[in-house]
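Chain by chain, the residues:
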Amino acid sequence: MKYGDVKHIVPTTKLTLDALPFTAKVPEYFPFNERHDAFKTSGINYFKREGKIESDLRLDNRSDPNERIEMIFGNFPHKDYDLSKNKNIDNKTKGYYTETENYSTIYFVDQGIYYRIDYVNKEKLHKERKEELEKIFNSLTEYQKVLNYKY
């Protein structure tokens, strides 16, 4: 098992997000051309003893295997989240950016939900990736407004 006591594998993004006891946000903007319903999820991790829940989404650029967006969100900080680095990202959100050679990350807290969003693109410069990540962050909204599923 990856992290939690119980891991549920959920086949679609909508089922994953509907199963959470909190409302997560997803981006409307992507730096590449993909449909919102192309997100993949590996499921939901429940940490029963601690009352913690974590989930994730991933959106791959099918035209470029080196480009993707990965999101981890939950009702507690991800293990990499460093609360001491928090500053104001905008007028209501605390968080921070980090960089590695191949991806840029934003960590932030919105309405008690902790997010980590990675923008992976090996060909773009740090500045370009951060600009794209800022656009992704600024486009976040409740998933019901973004994902349009038809059954």
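Up top is the structure these notes are about.
What you are looking at is a predicted structure, and each value in this text was computed from that prediction instead of being measured. (Residues numbered from 1 in each chain as written. Predicted model: local features only at pLDDT ≥ 70, side-chain atom pairs only at ≥ 80, totals over all residues. Heavy atoms only, no water.)

Enquirer: What is the right way to look at the environment of Val-26 in this model?
Expert: Its place among the elements puts Val-26 in strand β2 (residues 25-27). With 116 residues separating them along the chain, Val-26 and Glu-142 place their C-alpha atoms 6.3 Å apart. (Helix = DSSP H or I, 4+ residues; strand = E, 2+ residues; numbered from the N terminus.)

Enquirer: In this structure, what is going on with the nonpolar core? I would like to understand it.
Expert: One recurring pattern in soluble globular proteins: nonpolar side chains tend to sit buried together. In terms of nonpolar packing, the biggest core is built from 26 residues, with Leu-20, Ile-69, Phe-73 and Ile-117 touching the most fellow members. Counting only elements with at least two residues in this core, the list comes to β4 (52-60), β5 (67-74), β8 (103-110), β9 (113-121) and α2 (126-138). Residues in contact with Ile-69, not counting those within four places in the same chain, are Phe-30, Pro-31, Phe-32, Leu-57, Arg-58, Leu-59, Ile-117, Asp-118, Tyr-119 and Ile-136. (Core = buried A, V, L, I, M, F, W, Y, C linked by side-chain atoms within 4.5 Å. Buried < 20%, exposed > 50% of the residue type's maximum accessible area, 1.4 Å probe, protein only. Contact = heavy atoms within 4.5 Å.)

Enquirer: I'm lost on α2 in this one. Help?
Expert: Side chains that are three or four residues apart share a direction in an α-helix, a result of its 3.6 residues per turn. Under the 1.5 Å per step criterion, the end-to-end length of α2 is 18 Å for 13 residues, consistent within 8% with the ideal 18 Å. Three or more residues of α2 are buried, namely Arg-129, Glu-132, Leu-133, Ile-136 and Phe-137. All buried residues of α2 project into a common sector of 140° when viewed along the axis, lining one side. Seen from the buried face of α2, the exposed residues on the opposite side, beyond 90 degrees, are Lys-127 and Asn-138. (Expected span 1.5 Å × (residues − 1). Arc of directions from axis to C-beta.)

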